[in-house]
Amino acid sequence: MSAPVVIEVEDVSKRFVIRKDKSLKERAVNLSRSRRHREEFIALRGVSAGFHAGETVGLIGPNGSGKSTLLKVVAGILRPNSGTLRRRGRVAALLELGAGFHPDLTGRENVYLNGAILGLSRKQVDQYFDAIVAFSGIEAFIDTQVKFYSSGMYVRLAFAVAVHVDPDILLVDEVLAVGDEPFQRKCMDRIRAFQREGRTIVLVTHALDQMIEVCDRALVLEQGELVFDGKPREAAGRLRADFEEIRIADLEAERQQEAERRQEAERRQEAESVSPVLPARPIGEVERVTLLNGGGEPTHEMRNGERYRLRVDFETETGLQEWMLGIGVDGLGGQSLWGTHTQLLGERMPDVDPGRHTVEFALSEVYLGPGQYHLHAALAHYGGGEIHRLPAAMQFQVPGDDSTVGPLPIRARLIGLD
């Protein structure tokens, strides 16, 4: 028997009016023609979803996709322009930094104010107060006006209030990224405690690996529309594939703009017969990185234990002397997981003439945890001094069986129970 639905969003849409008037005077002057000085932005387009009791759901998507707007609709802070929201149970919402705090009140006064907003009596807040302050770790500043708090102190106190008011539903926006690492661990421990207690959690995050680990389900929003509702790992894969398409398109646009700038500078040189100031260009540039399987075919998938080759294509207008080439594997967040270069491998690269060249590396003993990764390559002077780097040159994935998470391919099995 499935758990009951505690939040139901049915065909919800939300739009905002963006005014182009920069001041009250301009708005008054343009009152008769105000339609030309405003435009509508549709944040949510017919979103429908149900959230079950005891479920942890991640809301993910690019910036501006409508995640925070949907969370505010669920919290009752925003009213949709169309559609229906049904919700049962006490809700605690931790949205943007400082939401619900009055800057001129002290931390102590804001605890009682937030408790009242969440439906608690003063007697109930009295019962929770010491635990709230202890969890926040800002005892020394509890009687200081919150306008003097740092962003981290804001988050500590806001989260402490949200998790101590006994909510049935906890709504958390990306604000947890503001706290320091020990506090983030404390927050995640409390979220896991809520999961064990069977509470419903809706989490907006850009930390996809964390979302895969914590959430039972994930929704992907793009341009205000719900485009995926399913398993967290599949949702992350869908979003990362979209990010990769955007990255490739942006990279191609940058290259096109650079080519156009150089062509324009050369045209001015011919017209004016003077030396133009051309955009700086390195003596060598990495053009592309290609992963090849054992049969020599390009691939975007790497399976543990198999052999691969990595092909790096680069171009130099001047030729290269005393140079080296590096390659590496990065996580999608940019963290370096592995790398090497020709000097570390004991290879002294020969001088090369102007033109395009290709270098290949043999990869063996490759073992990575399931997920998606990036390859990068870089040209450098022998002994140091980078010439050109192509970060996130290509994306590849390592398939898994959903039994593990993270970049380490550690296998575990249950031996027994005493």
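Below you will find a few notes about this structure. (Residues numbered from 1 in each chain as written. Predicted model: local features only at pLDDT ≥ 70, side-chain atom pairs only at ≥ 80, totals over all residues. Heavy atoms only, no water.)

## A word on the overall build of the protein
- Assigned secondary structure in the protein consists of eight helices and 16 strands.
- Principal-axis analysis of the C-alpha atoms gives the protein an extent of 80 × 80 × 45 Å.
- A buried classification covers 40% of the 418 residues belonging to the protein.
- Contacts in the protein between residues far apart in sequence, at least 24 positions, make up 70% of those at least 6 positions apart. (Helix = DSSP H or I, 4+ residues; strand = E, 2+ residues; numbered from the N terminus. Buried < 20%, exposed > 50% of the residue type's maximum accessible area, 1.4 Å probe, protein only. Contact = heavy atoms within 4.5 Å.)

## Thoughts on the packing of aromatic side chains
- Counting across every chain of the model gives six aromatic pairs.
- Ring plane angle 25° and centroid distance 5.6 Å describe the contact between Tyr-373 and Phe-396, whose orientation is recorded as stacked. One end of the pair, Tyr-373, is in strand S15 (residues 371–381); the other, Phe-396, is in strand S16 (residues 386–398), with 23 residues separating them in the sequence.
- Taking relative accessible area as the criterion, Tyr-373 reaches 4% and is therefore assigned buried.
- For Phe-396, a relative accessible area of 1% corresponds to the buried category.
- Within the aromatic cluster, the residues linked to one another by ring pairs are Phe-101, Tyr-149 and Tyr-154.
- Over the ring of Tyr-112 we find Arg-122; its NZ or CZ atom is 4.4 Å from the centre of that ring.
- In this arrangement the basic side chain of Lys-186 is found over the ring face of Phe-135, its NZ or CZ atom lying 5.1 Å from the centre. (Phe/Tyr/Trp six-rings, centres within 6.5 Å; stacked < 30°, edge-to-face > 60°. Lys NZ or Arg CZ within 6 Å of the ring centre and 35° of its normal.)

## As for the nonpolar core
- Membership of the largest hydrophobic core comes to 48 residues, with the highest contact counts inside it found for Ile-60, Val-111, Tyr-149, Leu-157, Phe-159, Leu-170 and Met-211.
- A total of ten residues in this core trace back to one element, the largest contributor, which is helix H5 (residues 151–164).
- Of all hydrophobic cores here, the second largest spans 30 residues; its members include Leu-320, Phe-361, Leu-375 and Met-394. (Core = buried A, V, L, I, M, F, W, Y, C linked by side-chain atoms within 4.5 Å.)

## Topic: the environment of Arg-309
- By secondary structure assignment, the location of Arg-309 is in strand S11 (residues 308–316).
- You can call Arg-309 partly exposed: its relative accessible area is 30%.
- In the structure, Arg-309 is positioned 51 residues away from Glu-360 in sequence and 6.6 Å away in space, judged by C-alpha atoms.
- When sequence neighbours within four positions are dropped, the list of residues in contact with Arg-309 reads Thr-290, Leu-291, Leu-292, Gly-296, Glu-360 and Phe-361.
- Looking at Arg-309, its side chain comes within polar contact range of the side chain of Glu-360, at 2.8 Å. (Polar contact = N/O pair within 3.5 Å; in protein donor to acceptor, adjacent residues only side chain to side chain.)

## Side note on the sheet that holds strand S6 (residues 169–172)
- Read across the open sheet, the six strands follow the order S5-S6-S7-S3-S8-S9; overall the sheet is mixed. Strand pairing shows two members of the sheet lacking a second neighbour, strand S5 (91–94) and strand S9 (225–230), which therefore form its edges. Looking at each pair of strands side by side, their axes are set apart by 15° on average, direction ignored. (Pairing = 2+ DSSP bridges. Axes fitted to C-alpha atoms, helices over the stretch in contact; angles between N-to-C directions.)

## Details of the pattern of salt bridges
- Inspection of the entire model under this criterion finds 18 salt bridges.
- When the shortest N-O distance is used, the salt bridge between Arg-86 and Glu-8 registers 3.5 Å. With Arg-86 in strand S4 (residues 82–87) and Glu-8 in strand S1 (residues 5–19), this pair connects stretches of sequence that are 78 residues apart.
- Overall, the relative accessible area of 41% leaves Arg-86 in the partly exposed class.
- Of the charged contacts, one joins Arg-86 and Glu-10 as a salt bridge, the two residues approaching to 3.0 Å between their closest N and O atoms. Pair noted here: Arg-86 is in strand S4 and Glu-10 is in strand S1, with a separation of 76 residues, a long-range link.
- The structure contains a network of salt bridges with shared partners spanning Glu-8, Glu-10 and Arg-86. (Salt bridge = Lys/Arg side-chain N within 4 Å of Asp/Glu carboxyl O.)

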